Amino acid sequence: MAGGQAGPEHGTRAGRRSGLVPAGERDELEGRLRHALTGFVDEPRAAVEEADHVLEDLTARLTETLASHRRTLRTSWQGTPDDTEQLRQALRDYRETAERLLSL
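These numbers were taken from a predicted model, which means no experiment stands behind them. (Residues numbered from 1 in each chain as written. Predicted model: local features only at pLDDT ≥ 70, side-chain atom pairs only at ≥ 80, totals over all residues. Heavy atoms only, no water.)

A.B. asks: I'm lost on helix H1 (residues 23-38) in this one. Help?
C.D. replies: In an α-helix, one full turn covers 3.6 residues, which means residues spaced three or four apart are oriented alike. Its 16 residues place the ends of H1 22 Å apart at the C-alpha level, agreeing with the 22 Å of an ideal helix rising 1.5 Å per residue. On its buried face, H1 sits against helix H2 (44-77). (Helix = DSSP H or I, 4+ residues; strand = E, 2+ residues; numbered from the N terminus. Expected span 1.5 Å × (residues − 1). Contact = heavy atoms within 4.5 Å.)

A.B. asks: What is the right way to look at the environment of Gly31 in this model?
C.D. replies: Structurally, the position occupied by Gly31 is in helix H1. With 23 residues separating them in the primary sequence, Gly31 and Val54 have C-alpha atoms 9.7 Å apart.

A.B. asks: Sorry if this is basic, but what is going on with the pattern of salt bridges here?
C.D. replies: Close approach of charged atoms allows side chains of opposite charge to pair. The tally for this structure, following the rule as stated, stands at eight salt bridges. A salt bridge links Arg61 to Glu25; its shortest N-O distance comes to 2.8 Å. In this pair, Arg61 is assigned in helix H2 and Glu25 in helix H1, connecting sequence segments 36 residues apart. Looking at Glu25, the relative accessible area reads 34%, which means it is partly exposed. The partner of Glu28 in a salt bridge is Arg32, with the nearest N and O atoms 3.6 Å apart. With Glu28 and Arg32 both in helix H1 and four residues apart, this pair spans about one turn of that helix. The structure contains a network of salt bridges with shared partners spanning Glu28, Arg32, Glu50 and Asp57. (Salt bridge = Lys/Arg side-chain N within 4 Å of Asp/Glu carboxyl O. Buried < 20%, exposed > 50% of the residue type's maximum accessible area, 1.4 Å probe, protein only.)

A.B. asks: Just to check I follow, could you spell out helix H3 (residues 84-102) for this structure?
C.D. replies: The end-to-end C-alpha separation of H3 is 26 Å, in line with the 27 Å expected for 19 residues at 1.5 Å each. Listed as buried for H3 are Ala90, Asp93, Glu96, Thr97 and Arg100. Buried residues of H3, seen end-on, are gathered within an arc of 125° and therefore sit on one face of the element. What points out from H3, more than 90 degrees from its buried face, is the exposed set Thr84, Leu91 and Leu102. Check the buried side of H3 and you find it contacts H2. (Arc of directions from axis to C-beta.)

A.B. asks: Even after reading the chapter, I still don't get the packing of H1 against H2, so can you show me in this structure?
C.D. replies: The description of two packed helices rests on the angle between their axes and on the distance between the axes. At their nearest, the axes of H1 and H2 sit 8 Å apart, and the two run at 160° to each other. One element, H1, and the other, H2, form an angle in the roughly antiparallel class. Relative to H2, H1 is oriented so that their crossing is left-handed. For the pair H1 and H2, the contacting residues are Glu25, Leu29, Arg32, Leu33 and Ala36 in the first and Ala47, Glu50, Ala51, His53, Val54, Asp57, Leu58 and Arg61 in the second. Of the residues that constitute the contact of H1 with H2, the class distribution is seven nonpolar, one polar and five charged. (Axes fitted to C-alpha atoms, helices over the stretch in contact; angles between N-to-C directions. Parallel < 35°, antiparallel > 145°, perpendicular 65-115°, else oblique. Left-handed = near helix turned anticlockwise from the far one by under 90°. Nonpolar A, V, L, I, M, F, W, Y, C, P; charged D, E, K, R; others polar.)

By themselves, these are just geometric observations and shouldn't be taken as functional.
Here is the structure:
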């Protein structure tokens, strides 16, 4: 996925794709994972434990990001009159999000 400073709530509407994790957080997680990999020879258990923590943190971040994105999608169409164009765009955004997740 291409990097970006925003989560999926900024989606692909303008033809751009953003990462599910902001660039700064992604860099930090990648650094921690690299540290775990390079430390394996000296401390295998500690390296695996660190990799586990990285995955735990990444999973939590993705869950938060996706929940926020879903709330944003929901508010784009709920509580408004049946505007077919607005509903079409909402359905497209749901489809794009689901397809991105299914391609992981």
